[in-house]
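Chains, contacts and geometry: an overview
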Amino acid sequence: MDKLIIQGGVPLSGEIRVSGAKNAALPLMCAALLTRNQLTLSNVPHLRDVSTMLRLLAQLGVEVSLDDRLSLRAERLTEPLAPYDLVKTMRASILVLGPLVARCGEARVSLPGGCAIGSRPVDLHIKGLEALGAEISVEQGYIAARAKRLKGARVVMDLVTVTGTENLMMAACLAQGTTVLENAAREPEVVDLAQCLLAMGARISGAGTDVFTIEGVAQLRGATHRIMPDRIETGTFLAAAAATGGRVRLHGTDAGILDAVLEKLREAGAELRTGNGTIALAMRERPRGVNARTAPYPGFPTDMQAQLMALDAISEGTAVITETIFENRFMHALEMQRLGADIEVSGNAAIVRGVGKLQGATVMATDLRASASLVIAGLAAEGETTVDRIYHLDRGYECIEEKLAQLGARIRRAH
């Protein structure tokens, strides 16, 4: 099993380009199921989750061509089945459910797996599709859905759910009549999907607000779309530079979708300059501890909570990080303690007392963003840190060790 070996204590310095967003790419790939014509995507990140989604789409009958761009053509779909062996490793597989029911009138999708960060129920997806007229049952670990044609409806979601919003928005594009999604997710990745669907001929208004209105159409056409930059990758590299006292410039990104994270970095003492698709960070002093409370967009993202904890661990002062999205997302705190971090977890809050230095040790990654936080901690630590079980990283970060090496990190992958 692969691991990363890091010789810490080197300030990151240099320039790198940010990849396309994983959390935008996966639903955009599923949008290809809504049309018989070709959907072409550029700025596609080369990630394990993207490869898994491609295998799933190919199994459904989608013709896949990948070179500089990704071309998907779902002219003839075979059996609308998403099997357990593909779905178990990636929760985003649930995103085929809405498009398949809308296009084929039926779908059978395994209950999803993914990172072990707590309960992420799909009941909101099911309730929403039922409101659109689908008959749904859960049997033998599969969600089975049927509908001759979905019908527009008002859907009020109990909780803000990104994948739930995306699933229902895609399904409603081919429904008969008008659908209103209330308490919808406002994340930039949801807006990116809406923009692609608009290019395909969908009628959507309200993307980026908490109320979406979708007027169903008989069919969608093909389109070409560029995937937005990955705001979590951007935030991760900025946090790594801040933790090591570095100076970096990131290209191909967008500061406008990262306001909450940039504000926390400024509070920590980072100097930031933004413009023309770039973000530059310089850290000239020991960081200051900053409090954070995760929240749906435009709040502080749960996917950056672990990385901020790594920064707080070597900061001056005490910080409190409160996790409101997932109930089991502090597993990285125990591993950071192995590096000498002073972290106390109490319910959904972590109290982080900054220490002068972390010390290298062997740590184990438990999920995607926890992996990134341990890499950041290892980069800031004295001595050698080994991060084990890094297959999590390959799900969401494209060539992370190569990019860090470009910034001067002493990092290598070992088997």
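Calculation criteria
- For every chain, the first residue of the written sequence is number 1, and numbering continues from 1 along that sequence.
- Confidence filtering applies because this is a predicted model: local features only for residues at pLDDT of at least 70, side-chain atom pairs given and counted only at 80 or more, and all residues used for totals across whole chains, interfaces and linings.
- Hydrogens and water are ignored here; the side-chain numbers use all heavy atoms of the structure.
- Every angle, taken between N-to-C directions, lies between 0 and 180 degrees, and every axis is a line fitted to C-alpha atoms, over only the stretch in contact when it is a helix.
- Helix and strand definitions here come from DSSP, where helices need a minimum of 4 consecutive H or I residues and strands a minimum of 2 consecutive E residues; each element is numbered from the N-terminal end.
- Here the angle decides the label: under 35 degrees means roughly parallel, over 145 means roughly antiparallel, 65 to 115 means roughly perpendicular, and every other value means oblique.
- Throughout, a residue-residue contact means that at least one pair of heavy atoms, one from each residue, lies within 4.5 Å.
- Residues are sorted three ways: Asp, Glu, Lys and Arg are charged, Ala, Val, Leu, Ile, Met, Phe, Trp, Tyr, Cys and Pro are nonpolar, and all the rest, Gly among them, are polar.
- One number per residue, pLDDT, summarises how confident the predictor is, and it ranges from 0 to 100.
- To estimate the expected span of a helix, count its residues, drop one, and scale the result by 1.5 Å.
- Residue burial is assigned from relative accessible area. The probe radius is 1.4 Å, only protein chains are included, and a residue is buried under 20% of its type maximum, exposed over 50%, and partly exposed in between.
- Any pair of N or O atoms that falls within 3.5 Å is considered a polar contact. Within protein, one atom must be able to donate a hydrogen and the other to accept it, and sequence-neighbouring residues count only if both atoms are side-chain atoms.
- We count a salt bridge whenever a side-chain nitrogen from Lys or Arg sits within 4 Å of a carboxyl oxygen from Asp or Glu.

What follows is about the packing of helix 1 (residues 22–31) against helix 2 (residues 48–59). Packed helix pairs are specified by the crossing angle of their axes together with the interaxial distance, meaning the distance between the axes. Between helix 1 and helix 2, whose axes approach to 10 Å, the crossing angle comes to 5°. By the angle class used here, helix 1 and helix 2 are roughly parallel. Residues K22, L26, M29 and C30 of helix 1 pack against D49, V50, M53, L54 and L57 of helix 2. A breakdown of the residues in the contact of helix 1 with helix 2 according to their chemical character gives 7 nonpolar, no polar and 2 charged.

On average, the protein scores 95 in pLDDT, and the residues at 70 or more come to 98%. Across residues 114–120, where pLDDT falls below 50, the model places 21 contacts with residues more than four positions away in sequence or in other chains.

Attention now moves to helix 6 (residues 162–173). Given 3.6 residues per turn, any residue in an α-helix points the same way as the ones three and four places further on. Here helix 6 contains 12 residues, and its C-alpha end-to-end distance of 17 Å stays within 8% of the 16 Å for a straight helix at 1.5 Å per residue. Within helix 6, 10 of the 12 residues are buried, leaving the element largely enclosed by the surrounding structure. Looking at helix 6, one finds that the buried residues are G164, T165, E166, N167, L168, M169, M170, A171, A172 and C173. Regarding helix 6, its N-cap is T161, as a side-chain oxygen of that residue lies 2.9 Å from the backbone nitrogen of G164 further along.

Under the definition given, this model contains 19 salt bridges. Here D49 and R395 are joined by a salt bridge, their closest N and O atoms 2.8 Å apart. Taken together, the residues D49 in helix 2 and R395 in helix 13 (residues 391–396) connect sequence positions 346 residues apart. Assessed through its relative accessible area of 9%, R395 is described here as buried. R329 is paired through a salt bridge with D303; the nearest N and O atoms lie 2.9 Å apart. Remark: D303 occurs in the loop between strand 18 (292–293) and helix 10 (305–313) and R329 occurs in the loop between strand 19 (318–322) and helix 11 (331–338); sequence separation between them is 26 residues. In this pair, the class of R329 matches that of D303, namely buried. Put simply, D2, D394, E401 and R413 are held in one network by salt bridges that share partners.

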